[in-house]
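Chain residues, written in single-letter form:
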Amino acid sequence: MSMDLDPDEVFRDDEDDPENEFFKERDATKELLVYLVDASPKMFSTTCPTDDEKTATHFQVAINSIAQSLRTQIINRSYDEVSICFFNTREKKNLQDLSGVYVFNVPEREDLDRPTARLIKEFDRIEERFEKEIGSKYGIVPGSRENSLYNALWVAQALLRKGSAKTADKRILLLTNEDDPFGNLKGVIKVDMMRTTMQRAKDAQDLGITIELLPLSRPDDEFNVSLFYADLLGLEGDDLAQFKALIGERFEDLNDQLRKRIFKKRRVRRLRFAIFNGLSIELNTYALIRPTNPGTITWLDSMTNLPLKTERSFICADTAAIIQEPPKRFQSYKNENVIFSVDELSEVKRVSTGHLRLLGFKPLSCLKDYHNLKPATFVFPSDEEVVGSTCLFVALHRSMLRLKRFAVAFYGNSSHPQLVALVAQDEIMTPSGQVEPPGMHLIYLPYSDDIRHVEELHTDPNSVPHATDDQIKKASALVRRIDLKDFSVCQFANPALQRHYAVLQALALDEDEMPEIKDETLPDEEGMARPGIVKALEEFKLSVYGENYEEEDSNIEGKAEPIRKRKANAIKEYGNYDWADLADNGKLKDLTVVELKYYLGAHNLPVTGKKEALISRILTHMGK
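Conventions we followed
Residue numbers run consecutively from 1 along every chain, following the written order of its sequence. Since the coordinates come from a predicted model, pLDDT governs what is reported: local features require at least 70, and pairs of side-chain atoms require 80 or more to be given and counted, while whole-chain, interface and lining totals use all residues. Remark: hydrogens and water are excluded; side-chain values derive from all non-hydrogen atoms of the structure. Numbering of helices and strands runs from the N terminus; a helix is a DSSP stretch of H or I covering at least four residues, while a strand is a stretch of E covering at least two. We call a residue buried when its accessible area falls under 20% of the maximum for its residue type, exposed when it is over 50%, and partly exposed in between, using a 1.4 Å probe and counting protein chains only. Every residue pair with non-hydrogen atoms within 4.5 Å of one another is taken to be in contact. Each accessible area is a Shrake-Rupley result for a 1.4 Å probe, and residues are judged covered by the shown protein chains and nothing else. Salt bridges are counted wherever a side-chain nitrogen of Lys or Arg sits within 4 Å of a carboxyl oxygen of Asp or Glu. Buried Ala, Val, Leu, Ile, Met, Phe, Trp, Tyr and Cys residues form a nonpolar core when they are joined through side-chain atoms within 4.5 Å. Polar contact criterion, stated in full: a pair of N or O atoms within 3.5 Å, where within protein one must be able to donate a hydrogen and the other to accept it, and residues adjacent in sequence count only if both atoms are side-chain atoms. UniProt positions are given in the numbering used here, feature names are shortened, and annotations may be inferred rather than shown by experiment. Grouping into patches uses exposed residues only, defined as over 30% relative accessible area, and leaves out salt-bridged ones; the cut-off is 9 Å for like charges and 5 Å for nonpolar side chains (Val, Leu, Ile, Met, Phe, Trp, Tyr). pLDDT gives the predictor's per-residue confidence on a scale running from 0 to 100. Convention adopted: a line fitted to C-alpha atoms gives each axis, helices being fitted over their contacting stretch, and angles between N-to-C directions are expressed from 0 to 180 degrees. An angle counts as roughly parallel when it lies under 35 degrees, as roughly antiparallel when it exceeds 145, as roughly perpendicular when it falls between 65 and 115, and as oblique in every other case. With the far helix as reference, a near helix turned anticlockwise by less than a right angle produces a left-handed crossing, and one turned clockwise produces a right-handed crossing. Think of it as three bins: nonpolar holds Ala, Val, Leu, Ile, Met, Phe, Trp, Tyr, Cys and Pro, charged holds Asp, Glu, Lys and Arg, and polar takes everything else, Gly as well.

A closer look at the overall build of the protein chain
- Broken down by element type, the protein chain carries 21 helices and 20 strands.
- Per-residue burial for the protein chain yields a buried fraction of 38% across its 624 residues.
- Counting contacts in the protein chain only where the partners sit at least 6 residues apart, residues at least 24 apart contribute 68% of the total.
- Carbon and sulfur atoms provide 51% of the accessible area of the protein chain, an area that totals close to 37600 Å².

Here is the structure:
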C-alpha cells in the first residue's frame, strides 16, 4: 500500500459549520487569491460560442466567470481575500508602478481584501468602461524590453506578501488565450525574457504561492501548453498529459472550473492521535461532504449597520465597580470553602486535550450503519511535526484491514465530548475514474449506545410480503430505464438555498429584480414520457397491482365512475382530430390543454404537467 497520494487532490472541505469543532481553524486556512487576466487585443478579437448560442470574446468569458465566482465567494467563503489584476494594458495602476499592469479595485478597500458588494457592482460594469479607463495593448513586442507577464507576476507576488504561507493558502489564477507570449521575439532577447519570467514564477512558488493556469482556446485552435506554460508551471510527464486532456473541459465549463478553485481542497484541521504511553502520531483531517446551510445571523446596529459585539464585565455587588479579574468560585468541602479560579474549574472539567485518544479495537461487524451520527471525516497521516507518523499509520492501517477491525477512540473537549470510530479504507477507484487514497474515516458514534451490546431488530420473515420473480424482473427493467449515468448529488443545487442566496445578492447589490432560480430537482417530464420508460412503468404497475389497479384505487377514493367516464370521453373525442396532421404542421400548440389530454387519455399516458410538457409527450409517443 502506498501513502504517496495527496488527499488534497481527492477530498475537499465543504461549507463551514461554526458549531463543529473541526472548523475552528477557519481563519488559519483562509485563501488569498489573485486573478491575473490577460487583456491583450487577442483576448478581444477571439470569440467562442456560449450557452445561449451567442458568441462572446475570450475577455467577456473571463470577466463573466470571475464575476460569478465573486458572487459565490462572498456568500460561501467571505473571509477569503481576492485581487483582480489585468496585464497587457495601456494604463498602469500598481504599487510598483510597472507598465502594462492594472490592479482593479474600488474605494475603501485594499488591493487584496475580502470581496464586497461594491467591488462586484463595479466589476460588472468593467467591460463597458475598460477601453476608456484601462485599455489594451500587446506588452511583449519586438524591439521593446517591456515584459508585461513578468511585471504581472511581480505585482501578484507583491499582493500576496500579506499573511504567512503557514496560515493562508496563496494562489495566482492566470487566464489567457496566448499559449506563446514570447512567440514574436527572436534570439538572445527572447531567451533572456523567458528566463527572467521563469525565475519570477519560481521565486513566487518558493514563497508558497501556487500558480494555476486557465487556458482559453477554441475547438479549432488548441491551447499548446508545451510552448511555454508547461515549464513555468513545472508540468511534465503524466501531469502534463493530464493537463492537456482537460484543456477542452476547462474552457467549456470555465465558470465551474473557477468555482472549484474557489472551494479549494484543503486540510480542515491537524490532530494528534494518542496511541499509548506517550506515543502519538499526527493526522490531517479532510471533510468529505457536509450539508450546506444558510450563513449564521449577524446582528447589526440599526444606525451604523455595523456588526454588534457582545462584551461581558464582572460587577462588584457591593460597590458596582468593574472587576478586572474573573471572580473566584467557592466549593464546599468538609464544611470549608475551597476557592477555585475560572481557569482551574475549566481544567477540572477537561476530560481530554481535544485530540484523539485510542481506547481499543472492535470487529467491523460491531459497527452498524445507524451508529454514524453525521458525515464522516477523512484522516491522513502527516510527518510535518511528528516524524514517523506515516510509518506508524501505515502499520496500524494494514493491521486493521487484515484483522477486519476498527479503532474506537475518544475525541472532544469539556463542552462536547465525542466517541468516534476510525475505519481503515484501502485505495479504491471511484465510478468517475478518480483514485481515493488509502486512509481512515473518522465516524461519530452515539453517546448512549454501547457498541458492544447493540442488539439487532429481528422481524418474522413470514410476516413480511415478498416480491415475486416477475415483479423483481419488471422493477429491475424499470430501474435500468430511469438510471442516470454518472449521477452525483453535486449535480443538483438546493433550490431553497439558491433562492436564499439570490435574495441576499439582490439586497447586497441593490438590484431591482431577483435573479431567476432554476429548480433542478423537478422531475424530467419529457424524459419520463419516453415510450420505453412509459412501457416499463406500465408493466411494473400491472405486475404489482394487476390489471384493475386504477379501478381498485379509485374505488378506495370513491371516484371509480368519474375516472371511467373521463377515459371513455377521451377515447370518444380522440377520433375527432387528425393528430398526425396537427403534429406535422406544428398545430398542437393551438389546442387547449383539455384537447391535448384527449390524446393522452386515449393512449393511457400521463396527463399531468404544463402545456409544453403535454405536447412533448404526444410527439414522443408518435415518434416525431
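Considerations on the pattern of salt bridges
- Considering all chains together, one arrives at 22 salt bridges under this definition.
- Among the salt bridges present, the one from Glu-385 reaches Arg-270, with a minimum N-O distance of 3.5 Å. Of this pair, Glu-385 sits in the loop between β15 (377–381) and α12 (389–403) while Arg-270 is found in strand β8 (residues 269–276), placing the two residues 115 residues apart along the sequence.
- What makes Arg-270 partly exposed here is its relative accessible area of 21%.
- Each of Arg-270, Arg-272, Glu-282, Glu-384 and Glu-385 takes part in a single network of salt bridges with overlapping partners.

A few points about the nonpolar core
- Leu-36, Leu-213, Val-225, Tyr-229 and Leu-232 are the most contacted members of the largest nonpolar core, which totals 38 residues.
- A per-element tally of this core places helix α5 (residues 148–159) first, with six residues.
- In contact with Leu-36, not counting residues within four places along its chain, are Cys-85, Phe-87, Ala-152, Leu-153, Ala-156, Ile-172, Leu-173, Leu-174 and Leu-175.
- Membership of the second largest hydrophobic core comes to 28 residues, among which are Ala-67, Ile-84, Phe-86 and Ile-126.

Things to note about the side chain of Thr-176
- You can see Thr-176 is positioned in strand β6 (residues 168–176).
- At a separation of 2.7 Å, a polar atom in the side chain of Thr-176 contacts the side chain of Asp-38.
- With near-sequence residues (within four places) excluded, Thr-176 lies in contact with Asp-38, Met-43, Leu-213, Leu-214, Pro-215, Leu-216, Phe-223 and Tyr-229.

Examining the UniProt feature "domain: SAP" (unreviewed entry) in the protein chain
- Mapped onto this numbering, the UniProt entry annotates "domain: SAP" (unreviewed entry) at residues 588–622.
- Regarding residues 588–622, the helix share stands at 63% and the strand share at 0%, and the terminal C-alpha atoms are separated by 12 Å.

Looking at a nonpolar patch on the surface
- Together, Ile-289, Leu-484, Phe-487, Val-489 and Phe-492 give the surface a local cluster of nonpolar side chains, amounting to about 480 Å² of exposed area.
- You can see Leu-484 is positioned in the loop between α13 (469–482) and α14 (495–508).

What about the confidence of the model for the protein chain?
- Summarising the model, the protein chain shows a mean pLDDT of 78, and 77% of its residues fall at 70 or more.
- Here helix α17 (residues 549–557) stands out as the element of the protein chain with the lowest mean pLDDT, 52, in contrast to strand β5 (residues 101–104), whose mean of 96 is the highest.
- Note that pLDDT drops below 50 for residues 1–28; the model gives that stretch 87 contacts with residues more than four away or on any other chain.
- Scored below 50 in pLDDT, residues 448–461 shows 15 contacts in the model against residues more than four places distant or in partner chains.

Some points on the packing of α13 against helix α16 (residues 531–545)
- At a closest axis distance of 9 Å, the pairing of α13 and α16 adopts a crossing angle of 155°. When the axis of α13 is compared with that of α16, the two are roughly antiparallel. When the axes of α13 and α16 are compared, the crossing they make is left-handed. Contacts from Asp-470, Gln-471, Lys-474, Ala-475, Leu-478, Arg-481 and Ile-482 of α13 reach α16 at Gly-532, Ile-533, Ala-536, Leu-537, Glu-539, Phe-540, Ser-543 and Val-544.
- Each residue belonging to the contact of α13 with α16 can be placed in one class, and the counts come to eight nonpolar, three polar and four charged.

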